[in-house]
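What follows is each chain in one-letter form.
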Amino acid sequence: LRDKVKEAIARLPDRQATAVTMRFLLYGQYDEIAQALDCAEATARVHVTRGLSRLRDLLAHLNPSPT
């Protein structure tokens with residue numbers, strides 16, 4: 001599972017991958033993410049949110065919903 005998550009993160013746009021990695025693997029705060037990405041804190045939050053949404057789509061097949 002860990003490898004699949006790493007592969008999915010690698011498929012994200014660079015800024016989203018960095019934001020998600022910093023937030024959830026390195027436990028970074030949004031102000032730290034913003035500083036690393038050289039953007040506003042609100043923009044860092046958007047990168048995290050969009051990255052997570054994309055990850056959910058990329059990994060949905062690992063947890064199919066019952067029908």
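The sections below set out a description of the structure shown in this document. Quick caveat: nothing in here was measured; it's all calculated off a predicted structure. Numbers given for residues are sequential positions, taken from 1 along each chain in its written order. Per-residue local features of the predicted model are confined to residues with pLDDT of at least 70, and side-chain atom pairs are confined, for both listing and counting, to 80 or more; whole-chain, interface and lining totals are unaffected and use all residues. Note: side-chain values were computed over all heavy atoms of the structure, leaving out hydrogens and water.

### Overview of helix H2 (residues 14-25)
Taking 1.5 Å per residue, 12 residues should reach 16 Å; H2 reaches 16 Å between its end C-alpha atoms and fits that length. Accessible area is worked out with a 1.4 Å probe on protein chains only. A residue is then buried under 20% of its type maximum, exposed over 50%, and partly exposed in between. Each helix is a run of H or I in the DSSP string that is no shorter than four residues. Each strand is a run of E no shorter than two, and both are numbered from the N terminus. Along H2, the residues classified as buried are Gln16, Ala17, Ala19, Val20 and Met22. Summarising the contacts, the buried residues of H2 are in contact with helix H1 (2-10), helix H3 (30-37) and helix H4 (41-59). Tyr27 occupies a position one or two residues after H2 and carries a positive phi of about 55 degrees. Multiplying one less than the number of residues by 1.5 Å gives the expected span of a helix. Residue contacts follow a heavy-atom distance rule, with two residues in contact if any of their heavy atoms lie within 4.5 Å.

### Some points on a nonpolar patch on the surface
Among the surface-exposed residues, Phe24, Leu25 and Leu26 lie close enough to one another that they form a single nonpolar patch of about 320 Å² accessible area. Inspection of the secondary structure assignment puts Leu26 in the loop between H2 and H3. Assessed through its relative accessible area of 59%, Leu26 is described here as exposed. Residues enter patches when their relative accessible area tops 30% and they take part in no salt bridge; the joining distance is 9 Å for like charges and 5 Å for the nonpolar side chains Val, Leu, Ile, Met, Phe, Trp and Tyr. Method for areas: the Shrake-Rupley scheme with a 1.4 Å probe, in which residue coverage is limited to the protein chains shown. The working definition used for a salt bridge is a side-chain nitrogen of Lys or Arg within 4 Å of a carboxyl oxygen of Asp or Glu.

### Some points on H4
Between its terminal C-alpha atoms H4 stretches 27 Å, which fits the 27 Å expected from 19 residues at 1.5 Å a residue. Looking only at H4, the buried set comprises Ala44, His47, Val48, Gly51, Leu55, Leu58 and Leu59. For H4, the angular spread of buried residues about the axis comes to 95 degrees, placing them on one side. Exposed side of H4, more than 90 degrees from the buried face: Ala42, Thr49, Arg50, Arg56 and Asp57 are the residues found there. Elements in contact with the buried residues of H4: H1, H2 and H3. What the arc measures is the spread of directions leading from the helix axis to the C-beta atoms.

### Thoughts on the packing of H3 against H4
To obtain each axis, a line is fitted to C-alpha atoms, and for helices this fit is confined to the stretch in contact; angles are then taken between N-to-C directions over 0 to 180 degrees. The interhelical angle for the contact between H3 and H4, taken along N-to-C directions, is 95 degrees, at an axis separation of 8 Å. In terms of orientation, H3 and H4 fall into the roughly perpendicular class. Of the residues in H4, those in contact with Tyr30, Asp31, Ile33, Ala34 and Leu37 of H3 are Glu41, Ala44, Arg45, His47 and Val48. Considered class by class, the residues forming the contact of H3 with H4 number six nonpolar, one polar and three charged. Should an angle lie under 35 degrees it is considered roughly parallel, over 145 roughly antiparallel, and from 65 to 115 roughly perpendicular; all remaining angles are considered oblique. By the convention adopted, Pro, Cys, Tyr, Trp, Phe, Met, Ile, Leu, Val and Ala count as nonpolar, Lys, Arg, Asp and Glu as charged, and the other residues, Gly among them, as polar.

### A short note on unusual backbone geometry
Most of the time, phi is negative for any residue but glycine, and the peptide bond is trans. One non-glycine residue, Tyr27, lies in positive phi territory at about 55 degrees. On the secondary structure map, Tyr27 appears in the loop between H2 and H3.

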